[in-house]
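# Geometric and topological summary
Spelled out, the chains give:
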Amino acid sequence: MTTSDAEILVNQSSPGPDASGAAALSVRGLWKIFGPRADRIIGTPDADLSRADLKEKTGCVVGVKDVSFDVSPGEVFVVMGLSGSGKSTLVRCLTRLIEPTAGEVELGGMDVTSANAAGLRDLRRNQVSMVFQHFGLLPHRQVIDNIAYGLEIRGVGKKERRAKAAEVVDLVGLTGYGSSYPDQLSGGMQQRVGLARALAGDPSMMLFDEPFSALDPLIRRDMQNEVIRLQAELKKTMVFITHDLQEALKLGDRILIMRDGEIVQIGTPDEVVGAPADDYVRDFTSDVPRSHVLTLKWVMRDPRPGDSSEGPVMTSDTIVRAAAQAALASDHPVRVIDDGKLVGIVDDDAILRVVVAEESA
Ligand SMILES: Nc1ncnc2c1ncn2[C@@H]1O[C@H](COP(=O)(O)OP(=O)(O)O)[C@@H](O)[C@H]1O
Ligand SMILES: [Mg+2]
């Protein structure tokens, strides 16, 4: 794997789960089974069959299998897995673009599962916006009107929606392109229009289904950085689907890893890399430069009497790579201090083990 430093360095401003309570999104026991009489399968022994066995026995395909998780306000929550693992099905169930077979979804305080048609319309128009791989831009409309399209559907007047669209044009780096037509733009620029259109309605939550998968690597990296920048500026809650671990590590505050419709692991980037739940996750993460992802929490030891009190002070969520230079330059080991409390010591060789291991890999 060829991975530049810039590509992998993980998002360090993780808000993580919100201790204060209300989730932006709460999913409980969600199932989607495609096929005849799918709803009769849940709760029977057939539900425990592997995906392949269930298909063989009943003709039904499990898209999503008993999935539960919470997303905090302002969190970037990544869902990752190989093609066919159920990511798109999961994200479409969140707004009932696909009707779940069982389970509950609560989004921004709204019980999506029991919402009526009007409630769902409001949800999709005003609360949640989606960005897909295929931008679905209207070819005969200028960029500005493509961006304003969602507002137009909502019945917002032309002047107001153009003003709002003009605002987001600048926000996503499309300044000067407002009167262009989609086919005059590159793929990356078109995806910026898709992003702007999703932002124009000022949704509280954005859902991304592999939006950058078709883009060239360099443009893709630009767009990832764009998402990180927008997130820092706007603090939207985001659910971001990808099959690419690099992208997941870079964008995600937490990552949900799926296989055959099921959750394999949910964790922060350093947890997924530092403590993979099984071989599937370990395979995914084996090529990752660990020093870019692991934090001091993963390499520190307990303090002992006699430890120097003079070493550099860092918090346990410092990325190893970011700590390495100062740590190795000091004559004393790093003192890891969280909230005023000494929680660990990092010796030089603990840092070197991580850094050297990946250099010889
Ligand atoms: N409408 C459908 N009917 C039957 N099977 C489907 C349908 N949509 C998706 N599937 C199956 O559900 C599984 C998960 O698909 P999907 O959610 O698209 O995965 P991913 O987005 O991770 O690639 C796959 O095995 C797929 O073939
Ligand atoms: Mg998909």
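Note that this is a predicted model, so its numbers are computed, not measured. Along every chain, residues carry numbers that run from 1 in the direction the sequence is written. Here the convention is simple: chains get letters from A, ligands get numbers from 1, in the order in which they are written. Owing to the predicted nature of the model, reporting of local features is limited to residues with pLDDT of at least 70; listing and counting of side-chain atom pairs is limited to 80 or more, with chain, interface and lining totals taken over all residues. Calculated side-chain values reflect all of the structure's heavy atoms, with hydrogen atoms and water omitted.

What follows covers the overall build of the protein. Strands here mean DSSP runs of E at least two residues long; helices mean DSSP runs of H or I at least four residues long; both are numbered from the N terminus. Summing up its helical and strand segments, the protein has 14 helices and 13 strands in all. Using C-alpha atoms as the atom set, the radius of gyration is obtained and then compared with a globule rule of 2.2 Å times the number of residues to the power 0.38. Computed over its C-alpha atoms, the radius of gyration of the protein comes to 23 Å, within 12% of the 21 Å expected for a compact globule of 361 residues. Considered along the principal axes of its C-alpha atoms, the protein spans approximately 70 × 60 × 40 Å. Considering the protein as a whole, with its 361 residues, one finds that 50% of them fall into the buried category. Considering only intrachain contacts with a sequence separation of at least 6, the fraction spanning at least 24 residues in the protein is 68%. Per-residue and other accessible areas were derived by the Shrake-Rupley procedure at a 1.4 Å probe size, with only the shown protein chains allowed to occlude residues. Only carbon and sulfur atoms are counted for the fraction: they give 49% of the accessible area of the protein, which is about 16,800 Å². His residues and chain termini do not enter the charge count, which takes Lys and Arg as positive and Asp and Glu as negative. One atom stands in for each charge, and that atom is NZ of Lys, CZ of Arg, CG of Asp or CD of Glu. Each charge class in the protein can be summarised by its mean position, and for the 40 positive and 52 negative side chains these summaries are 7 Å apart. Each residue gets one of three labels from its accessible area relative to the maximum for its type: buried under 20%, exposed over 50%, partly exposed in between, using a 1.4 Å probe on protein chains only. We call two residues contacting when some pair of their heavy atoms lies within 4.5 Å.

Another aspect to go through is the layout of surface pockets. Points on a 1 Å grid, built from protein atoms alone, make a cavity when a 1.4 Å probe fits but cannot get out and make a pocket when they are open with protein on both sides within 12 Å along at least 5 of 7 lines; residues with an atom within 4 Å of a point are the lining residues. Grid points are joined across faces, edges and corners, and a volume is the space filled by probe spheres set on the points. In this structure, the largest pocket occupies an estimated 590 Å³ of space. Lining the largest pocket are 24 residues, with R124, V128, S129, M130 and G150 positioned closest to its centre. When contributions to the lining of the largest pocket are tallied by element, the ones reaching two or more residues are α4 (117–127), β6 (128–132), α6 (149–154) and α8 (187–200).

What follows concerns the pattern of salt bridges. Oppositely charged side chains can form a pair if their charged atoms are brought close together. By definition here, a salt bridge exists when the distance from a side-chain nitrogen of Lys or Arg to a carboxyl oxygen of Asp or Glu is within 4 Å. For the structure shown, the criterion picks out 23 salt bridges. Among the salt bridges present, the one from R92 reaches D209, with a minimum N-O distance of 2.8 Å. With a gap of 117 residues between them, R92 in helix α3 (residues 87–94) and D209 in strand β7 (residues 205–209) connect regions that are remote in the sequence. As a salt-bridge pair, D278 and R259 come within 3.2 Å of each other at their nearest N and O atoms. One end of the pair, D278, is in the loop between α11 (269–274) and α12 (279–285); the other, R259, is in strand β9 (residues 254–259), and 19 residues separate them in sequence. Look at D278 and you get partly exposed, because its relative accessible area is 22%. Owing to a relative accessible area of 33%, R259 belongs among the partly exposed residues under this scheme.

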